[in-house]
Amino acid sequence: MTSEALVAPYQDLRRDTLLRDRGLREKVMSLEAAAQLVRDGEHVAIGGCTLSRTPMAMIWALIRAKKRNLTISRSITSTEGDLLLASGVSNHVITSWFSQGIVWGVSKVMRHYTERKLARFDEWSHMSIGLRYRAGAMGLPFMPSRSMLGSDLGERVADQTKIMACPFTGEPLTLLPALNPDLALIHVQRCDAFGNAQLDGLQFMDIDIAMAAKRVILTTERIISNEQIRRLPDATRIPFFAVEAVVEVPIGCAPHECYGAYEPFFVALDDYAKRVSGDAVAGCRQYLEDYYYAPKSWPEYLSRIGMETMLDACRRGRSVYND
Amino acid sequence: MTSEALVAPYQDLRRDTLLRDRGLREKVMSLEAAAQLVRDGEHVAIGGCTLSRTPMAMIWALIRAKKRNLTISRSITSTEGDLLLASGVSNHVITSWFSQGIVWGVSKVMRHYTERKLARFDEWSHMSIGLRYRAGAMGLPFMPSRSMLGSDLGERVADQTKIMACPFTGEPLTLLPALNPDLALIHVQRCDAFGNAQLDGLQFMDIDIAMAAKRVILTTERIISNEQIRRLPDATRIPFFAVEAVVEVPIGCAPHECYGAYEPFFVALDDYAKRVSGDAVAGCRQYLEDYYYAPKSWPEYLSRIGMETMLDACRRGRSVYND
Amino acid sequence: MTEPAASYTASELLAVMASRLLRDGQIVFAGVGVPLLAATLAQRNHAPHLTILFEGGTIGPFIVPGELPPSTNEQRCTRRANMVLPITDVLLLLQRGYVDVGFMGGAQIDRFGNLNSSFIGQADNPKIRLPGSGGGNDISSLTDMIVAMKHEKRRFVEKVDFITSPGWINGGGTRAERGLPQGGMWRVVTDLAIMGFDAESREMTVLGLNPGVSREQVEDNTGFRLLFEARLEKIEPPRQQELAVLRQLDPERLYTA
Amino acid sequence: MTEPAASYTASELLAVMASRLLRDGQIVFAGVGVPLLAATLAQRNHAPHLTILFEGGTIGPFIVPGELPPSTNEQRCTRRANMVLPITDVLLLLQRGYVDVGFMGGAQIDRFGNLNSSFIGQADNPKIRLPGSGGGNDISSLTDMIVAMKHEKRRFVEKVDFITSPGWINGGGTRAERGLPQGGMWRVVTDLAIMGFDAESREMTVLGLNPGVSREQVEDNTGFRLLFEARLEKIEPPRQQELAVLRQLDPERLYTA
C-alpha cells in the first residue's frame, strides 16, 4: 500500500507542520530553486483541473530537473500526466479521470504506461479525491461520504477505505482516508512575496490541497505587494504560512488556461494531440525534447508555442470580463 | 433529546430539499411576509457572530409576530439572544458563548432564563457548532473532530455525540451530529432578487448555515440585479436555490454591525447594557416595548436609535475601505 | 448501424431527444458534449428556469454559441454564471440533495444501467484502460441519471466489465442493498430509442423508438435482451427550430458531427 | 489583593508580562482584551513577524490604536489583515496544527490548569451560568495555552466546578489518556506571578514573582497548594516603552483599566 494511502499518525502531521517556518517572510525564488524543494519519491498534488490553472511551468521545471518516482495526485489529469509519465518523473497517478480531454479521446500515453503496468493509476471518484484532500486540510484522518458505494470503483480501492454504519442513523458510509501530499503545486493569478494568494474564477480543489499539503509551491502570473493583499483580505484564498515558495511565471499554465488571463492554447493542444496520435510514447518523448529539454527558459518555451497563439489565448482569456 | 440533536434519516433530508422550488425565480418580500415562513417550535439558525451581521431586522419581525418555542442556534449569541428569550419567542439556545460581549460582562437575562430553567442553553465549543453545520451542509450525518474530548463540556453533550476510535489510526475522535436547521436567517451586504448573495469581509458560519438549513431567509442591505451577480460569479457565496425569501432592509443589523457598511452602534449598545444592568428581565422587556413593539416600521426603529448614532456607525463602518 | 434517413446527425438526434426529457425549474448536473447541448437546448426551448451545474464548479452559466467548453473545467463554463465554487462543493450539492438529474454520456452500459468508463476487459489486466470516473460515480450514486450514447452492440452489453458508475447493480433492490437507496439510472437516450428501467426488475426497457427505427434494429444493436413497453411512446422527429438552436450553439460541429 | 506599588495597572502588568512570553515568527490564536494587547505589544517590540489569529476569522491583522475590537468577531479585527476566512476554517487551523500558542483570559482555573467559563456551582443547578466556551475548548484542546488573569483566591481553585477548556485534567498523563496528546496549559500569567506546570505531575508551579510581590502574597491569593521553582526567575518590571505602546493602543483604558 502506498504511503499516501495510509493515514499518518496525527502527531506526525502536527510535528511536520509546527517545524515549518510559518513566520511572515519573503519566499520568492526561481523555478529551478523551487524544483529543488521536491525530493524523489514524494507525493506531489497538482492544482487546477484538466486544462485549467495547471502549474505547467513548475511541472516543466520538475521534468527538466529529472525528478524520479513521484506520486502525482490531481482532481482530473490531462496532458501534464502524459508528460510526467513519459519523462519518467512519475510512476504513480492518483486521479478521477486521465486523458487530454474528451474532444481528443483516450490518452494513448496513459494507456501505454498503465496497461503495461509501467505506472500505477489509482482511480477515485472526483468527489472522493476532493474529500480526501479536505480531510487532510481539516486535520482529520478521514472524511465520511455517501459515494463510491456499491460500485467496482469502490471495491477496487476497498483496501484503502472503510465502510461503516453511521452510529447516528445506521446508514452505510464510505470513510475516505485523508490525503496530505508532501507538496502541492498551485498556480494563481496573483500573490504577494509571502505567499498570500488571490484566486480568480474556478478554484477547483486548490484551497484544500494547499491546506492539506506539507509544503506548497506557488507559481503566479504576478507578484503583488502585501499592501494590496491587506486592502482586500477577504480576497485571499491561501494564507502565507502554508506556502514554502513563490515563483513569478507569467503565462505559467501554457498551453493550458489561467482564468481571466488566457484560455487553452487550442492550436498547441491540437498539435500535441497529433504528435501522440501515432506511436504515442515516441511522440510524447519528442514533444518533451522540443518543448521541455531544448528551450533554455520558460520564455523560450513560450516562443516555441508561438506569439500569435499566445496573443489569441490571452484575448480569449480576458474576454470573461467583457460582459 | 431535542429534534435538532437527532440526525434525520438521509432520505428525509433529501426529500425536504427536492420538494423545494429550486428554479430561478424572484422571491422578494416584506419582513412581515418572511416572518410568516417561520413556524412555532422550529429550529432557527442565526447568521453572523456576536455583534456582526446579526439579522436583527428579521429577528425584530419574528418577535413582533409573536413566534413561540423556537430553538435558536448561533456561533456566538449576543443581545439578540436576550431579546428572543425575554420576548418568549425562544426557550432553547444552542451556542458556544452567550452574553452581550466581553466588555459588558455576563448577560443577566441569559442567567435569569437559564439558571431558573425557563430556557435551555446547550453549550458546544465554537468549532463543534461550526462542524455540525458543515456536516449538515455537506449532506453528512456527522463530522469527526478532535475537539471536546476530555472536558466536562464534551461530557455534558455526550448523549448527542459518539466517541469513536479512528479505524485508520486508532485515535479517539468525537463524532458531532449534523445540524440541519429548519430555517437560517442571514443578513448580507447585497444579493439579487433570486437570492444569489455576495458577502463582504467576515463570513462566520453563514455559508454552511445556508447550505445546511431547510429554508433560508436572506435580509440584505440592497438588492442588486442578476446581471451584476453574473458579472462576478466568483463573488457569490450563497446560491439562489438555497434561498426561500429575500428582504431588502437597509441598516438591517442595527445596533450590531454589517461589515463595510456600519460598525456596532456603541451608544445604543451601552444604553441597552444600562437598561439590563438592574432588574434585567424588566429592563429587557421595556427595551422590547420601546424598540420592538412601539415602532410602526424598521425606519421608525432606526429613528429611535437616532440619526447621529447611525451616521457615526456608518462612517466607522465604511472606514475599512479607507486604507 | 445506419443513420436514420433525415437531415440531422446521430448526435443532434441524441441532443434533441434528451433535451425533451428535462423539465423547467430542474437543477441538472451536466457533462460537456451532448448533455450540455441538450440542457442548453431545453433552456432555450421549454425550460427557461432550468439550472445547469458543472463539475468544475459552476452554477447556472449561459453558454456562448460557438464557444463550447472543452471540458466542464474551463472558464468557458462560467460565462455569466450565477456562482462558481470549488469542485468538491459543487459535487457535494449532489450529496446534499439539491440536484434533480445527472446527465452524461456513456462508453459502456449494461441491462441494469450500470456504466463503465474505466476498463475494457479485466480491470487487473485490461484490453483498454479508459479515462475513468471523473464525477460519474458521484453523480450516479447520488441522483437520478440520464445517459445519452450511441446505440451499438459493443456499448450495450449484458454486464459491464467494470461498474464505474452504479446503475441498478444486479437489478431489483440490489442498488439500495449496496447502500444507494437514492438515485439510479432513469433514462437512456440513444440514436435509436429512449429507454427506462422496469420498476421491479430494473431491467432496461424500451419506452419509445426514434422516427424510422424498428424494434429489430434496436435489438440487433443491443447485446442483451431488452424489454419493450406494451405501448411504445410515439417520438416526434427533431423540429427545425430545435436543430437550429443546436447548430447555433455548435457551429463547428465539435460535439454534433 | 493590593495593587503592586507602581505606575501601571494590574491589566497593564498582565499584558506586558504575557507579551514577553511570545516569540517572533509564532502564530498566536488570541482572544480580545489582554491577550490581543499582549500579542500586539510583542509585535511592536520584539516579534515583528508574529501572526495573530482571531476566532472570528482573521489572519494577521494590524490593530488600529484606539480602535480595539469589542470581540474577535467585528470588522475592527480585520484591519489590514492578510486574510479573512470562515470561523470554522480559522478554528480548523488549530486542528491542522498551524498554531503555536493559544492565548486567552480566564474566569476560573485549577491547579492542573483546567479552565471554567461555563458554570459557578453545579452545572445542573448553577449559582452562576457563565457565557461559555466560545473557542476556548477548541484552543485548549488543540494547542499550547497561555492564560492571563487576575490572581484571586476565588479564581485559583483546587478543582474547577466545570472543565470548559481542558488543561492537564487530573495531572500526570490524564490529558493524553482522555484523547488529547497534543497541546496543554503552558503558562499562567497574573498580576502577581508567572506560572508553569510540573513536567511530571502537571501541577501549577510558580516560575517567577512579579516585581514587589512576595511568595506569601501569591499563596494567600491562591486556593490550592502551589509548587515553586527552586530558583525563581527574576522578572523585570514593565518598561516605560512597553507601557507607552499599551496606552497608545488602548487610550480609553477599555481593557487596561
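Rules of the game
Residue numbering note: each chain is counted from 1, following its sequence as written. For naming, the first written chain is A and the first written ligand is 1, with later ones following in the order written. Only residues with pLDDT of 70 or above have their local features reported here, since the model is predicted, and side-chain atom pairs are shown and tallied only from 80 upward, although totals for entire chains, interfaces and linings are computed over all residues. Side-chain measures were taken over the full set of non-hydrogen atoms in the model, leaving aside hydrogen atoms and water. Think of it this way: any DSSP run of H or I at least four residues long counts as a helix, any run of E at least two long counts as a strand, and we number them from the N terminus. It is over C-alpha atoms that the radius of gyration is taken, and the globule rule equals 2.2 Å times the number of residues to the power 0.38. Relative accessibility decides the category of a residue: with a 1.4 Å probe and only protein chains considered, values under 20% of the type maximum give buried, values over 50% give exposed, and everything between is partly exposed. Whether two residues are in contact is decided by their heavy atoms, any of which lying within 4.5 Å being enough. Only the protein chains shown count as cover for residues, and all accessible areas are computed by the Shrake-Rupley method using a 1.4 Å probe. In the analysis that follows, any N or O atom pair within 3.5 Å is treated as a polar contact, provided that within protein one partner can donate a hydrogen and the other can accept it, and provided that, for residues neighboring in sequence, both atoms belong to side chains. The term buried area denotes the loss of accessible surface (1.4 Å probe radius) that occurs when two parts are joined, taken as the sum for both partners. For salt bridges, the criterion is a side-chain nitrogen of Lys or Arg within 4 Å of an Asp or Glu carboxyl oxygen. Should DSSP find at least two bridges between two strands, the strands are regarded as paired. Each residue carries a pLDDT value, the predictor's own confidence for that position, ranging from 0 to 100. The superposition of copies rests on a least-squares fit of C-alpha positions from residues with pLDDT of 70 or more in both. The crossover handedness rule: strands pointing away from the viewer, path from first strand over the helix to second strand clockwise, crossover right-handed. Axes, fitted as lines to C-alpha atoms, cover a helix only where it is in contact. Angles between the N-to-C directions of the axes lie from 0 to 180 degrees. For a crossing to be left-handed, the near helix must be turned anticlockwise from the far one by less than a right angle; the clockwise case is right-handed. Throughout this entry, Asp, Glu, Lys and Arg are counted as charged residues, while Ala, Val, Leu, Ile, Met, Phe, Trp, Tyr, Cys and Pro are counted as nonpolar. The remaining residues, Gly among them, count as polar. Between the rings of Phe, Tyr and Trp (Trp by its six-membered ring), a pair exists once the centres lie within 6.5 Å; its type follows the angle of the planes, with under 30 degrees stacked, over 60 edge-to-face, and the other angles tilted. Only lysine NZ and arginine CZ atoms are considered, and such an atom sits over a ring when it is within 6 Å of the ring centre and within 35 degrees of the ring normal.

S.K.: I keep staring at the overall build of chain C and nothing clicks. Help me out?
M.R.: A tally of regular secondary structure across chain C gives 7 helices and 15 strands. Relative to the 2.2 N^0.38 estimate, which gives 18 Å for 257 residues, the radius of gyration of chain C is 17 Å and therefore close to what a compact globule would have. When the backbone C-alpha atoms are referred to their principal axes, chain C occupies close to 45 × 40 × 35 Å. Counting over 257 residues, chain C shows a buried share of 70%. Long-range contacts, defined here as pairs at least 24 residues apart, represent 66% of the contacts in chain C between residues at least 6 apart. For chain C, the accessible surface area stands at approximately 8,300 Å², while carbon and sulfur atoms represent 50% of it.

S.K.: Would you take a moment to explain helix α5 (residues 108–115) of chain A for this structure?
M.R.: An α-helix turns once per 3.6 residues; consequently, residues spaced three or four apart project the same way. Among all positions in α5(A), only A:V109, A:M110, A:Y113, A:T114 and A:E115 are buried. Summarising the contacts, the buried residues of α5(A) are in contact with α4 (79–86), β4 (120–123), α10 (266–275) and α11 (280–293) of chain A together with β9 (125–129) of chain C. Backbone nitrogen of A:V109 and a side-chain oxygen of the N-cap are separated by 3.3 Å at the start of α5(A); the cap is A:S107. In the segment just after α5(A), A:K117 is the residue with positive phi, at about 60 degrees.

S.K.: Help me understand the interface of chain D and chain B in this model?
M.R.: Listed as interface residues are 51 residues of chain D and, on the opposing side, 56 residues of chain B. Both faces combined, the contact of chain D with chain B buries some 4,300 Å², and carbon together with sulfur accounts for 55% of it. Sorting the residues of chain D by area buried against chain B places D:Q75, D:R129 and D:P131 first, and these three jointly supply 18% of that buried surface. Between chain D and chain B we count 4 salt bridges in total. Of the charged contacts in the structure, one is a salt bridge between B:E263 and D:R76, with a shortest N-O distance of 3.0 Å. At the junction of chain D and chain B, the tally comes to 35 residue pairs in polar contact (both at pLDDT 80 or more).

S.K.: In this structure, what is going on with the pairing of strand β14 (residues 204–209) of chain C? I would like to understand it.
M.R.: Residues and elements named next belong to chain C. Burial runs high along β14: 6 of the 6 residues are buried. Direction of pairing for strand β13 (residues 193–197) relative to β14: antiparallel, over a ladder of 5 bridges. By the bridge assignment, M195 is partnered in β14 with V206. If you look at the hairpin formed by β13 and β14, you'll find 6 residues sitting between the two strands, and R202 has a positive phi there, around 65 degrees.

S.K.: In this structure, what is going on with the confidence of the model for chain C? I would like to understand it.
M.R.: Any residue range with low pLDDT should be treated as having predicted coordinates unsuitable for detailed reading. Residue and element names in this part refer to chain C. Overall, the prediction assigns chain C a mean pLDDT of 94, with 98% of residues at 70 or greater. Counting contacts from residues 1–5, a segment whose pLDDT is below 50, to residues more than four positions away or on other chains yields 10 contacts. Here the prediction assigns the complex a pTM of 0.97, and the interface score ipTM is 0.97.

S.K.: What's the story with the relation of the copies chain A and chain B in this structure? I'm lost.
M.R.: Here the two chain copies are tied together by a rotation about an axis and a shift along that axis. Under the fitted operation, chain A is carried onto chain B by 0.0 Å of movement along the axis and a turn of 180 degrees, and the coordinates agree to an RMSD of 0.0 Å. Taken together, the rotation and translation describe the operation of a two-fold axis. When C-alpha positions in chain A are compared against the rotation axis, the closest is assigned to A:M143, at 3.9 Å. Here 100% of the contact residues of chain A are again contact residues in chain B; the copies associate through an equivalent surface.

S.K.: How should the pairing of strand β2 (residues 70–74) of chain A be read in this particular structure?
M.R.: For a regular strand, the rule is simple: side chains alternate between the two faces of the sheet. Residues and elements named next belong to chain A. For β2, the buried fraction is high: 5 of the 5 residues fall into the buried class. With burial as the criterion, each face of β2 is covered, one bearing L70, I72 and R74 and the other bearing T71 and S73. Remark: the strand β1 (residues 43–46)/helix α3 (residues 56–64)/β2 crossover connection has right-handed handedness. For the crossover that starts at β2, traverses α4 and ends in the parallel strand β3 (residues 90–95), the hand is right-handed.

S.K.: Please explain the packing of helix α6 (residues 126–138) of chain B against helix α3 (residues 87–96) of chain D as it appears in this structure.
M.R.: Two quantities define a packed helix pair, namely the angle between the helix axes and the distance between the axes. At a closest axis distance of 9 Å, the pairing of α6(B) and α3(D) adopts a crossing angle of 115 degrees. Helix-helix and strand crossings are classified by hand; for α6(B) and α3(D) the assignment is left-handed. Residues B:H126, B:M127, B:G130, B:L131 and B:R134 of α6(B) pack against D:I87, D:T88, D:D89, D:L91, D:L92 and D:Q95 of α3(D). Of the residues in the contact of α6(B) with α3(D), the class split is 5 nonpolar, 4 polar and 2 charged.

S.K.: Help me understand the packing of aromatic side chains, please; the structure alone is not making it clear to me.
M.R.: Within a pair of aromatic rings, the relevant descriptors are the distance that separates the centres and the angle that separates the planes. If you walk through the whole model with that rule in mind, you get 28 aromatic pairs over all chains. Summarising the aromatic geometry, the rings of A:Y292 and A:Y301 are spaced 5.9 Å apart at their centres and angled 90 degrees between planes, so their arrangement reads as edge-to-face. Each member of the pair, A:Y292 as well as A:Y301, carries the same accessibility label: buried. Their ring planes at 80 degrees and their centres at 6.2 Å tell us that B:Y291 and B:Y301 sit as a pair that is edge-to-face. With B:Y291 in helix α11 (residues 280–293) and B:Y301 in helix α12 (residues 298–305), this residue pair connects regions lying 10 residues apart in the sequence. Its relative accessible area of 12% is what places B:Y291 among the buried residues. Since its relative accessible area comes to 0%, B:Y301 is described here as buried. Ring pairs connect the aromatic residues A:W60, A:Y272, A:Y287, A:Y291, A:Y292, A:W298 and A:Y301, which therefore count as one cluster. Just above the ring of A:W60 sits the side chain of A:R64; from NZ or CZ to the centre is 3.9 Å. The ring of C:F228 has C:R215 sitting right over it, with the charged end atom 3.9 Å from the ring centre.

S.K.: For this particular structure, what's the right way to read the interface of chain A and chain B?
M.R.: For an interface, size is often stated in terms of accessible area lost upon the parts coming together. Between chain A and chain B, the contact holds 36 residues from the first and 36 residues from the second. Summed over both sides, the interface of chain A with chain B buries roughly 2,700 Å², with 71% coming from carbon and sulfur. Area buried by chain A at its contact with chain B is led by A:F142, A:R146 and A:F168, which between them contribute 24% of it. At the boundary of chain A with chain B, the tally comes to 0 salt bridges. At the surface where chain A touches chain B, the tally comes to 6 residue pairs in polar contact (both at pLDDT 80 or more). Mapped onto the side of chain A that touches chain B, the elements with two or more residues apiece are α6 (126–138), β5 (142–145), β6 (162–165) and β7 (172–177) of chain A. By residue class, the composition of the side of chain A that touches chain B is 21 nonpolar, 6 polar and 9 charged.

S.K.: Help me understand the sheet that holds β7(A) in this model?
M.R.: Paired through backbone hydrogen bonds, the strands of a sheet run either parallel or antiparallel to each other. Residue and element names in this part refer to chain A. Strand order in the open sheet made by the 3 strands is β5-β7-β6, with antiparallel pairing throughout. With partners counted over all chains shown, the strands left at the sheet margins are β5 and β6, one partner each. Ignoring which end each strand starts from, the neighbouring axes of this sheet average 35 degrees apart. Across 4 bridges, the pairing between β5 and β7 is antiparallel. Pairing of F142 across the sheet is with P177, part of β7. Against the sheet, α6 contacts β5 and β7, and its axis sits at roughly 140 degrees relative to β5.

S.K.: Explain the pattern of salt bridges to me, please; I cannot follow it from the model alone.
M.R.: Once the charged atoms of two side chains with opposite charge are near each other, the side chains can pair. Residue and element names in this part refer to chain A. One pass over the full model with this rule turns up 74 salt bridges over all chains. A salt bridge links R134 to D208, with the nearest nitrogen and oxygen atoms 2.9 Å apart. A residue pair is termed long-range when its members are at least 10 positions apart, and R134 in helix α6 and D208 in helix α8 (residues 206–212) qualify at 74 residues. For R134, a relative accessible area of 11% puts it in the buried group. Taking relative accessible area as the criterion, D208 reaches 13% and is therefore assigned buried. A network of salt bridges, in which partner residues are shared, links D12, R15, D16, D182 and K214.

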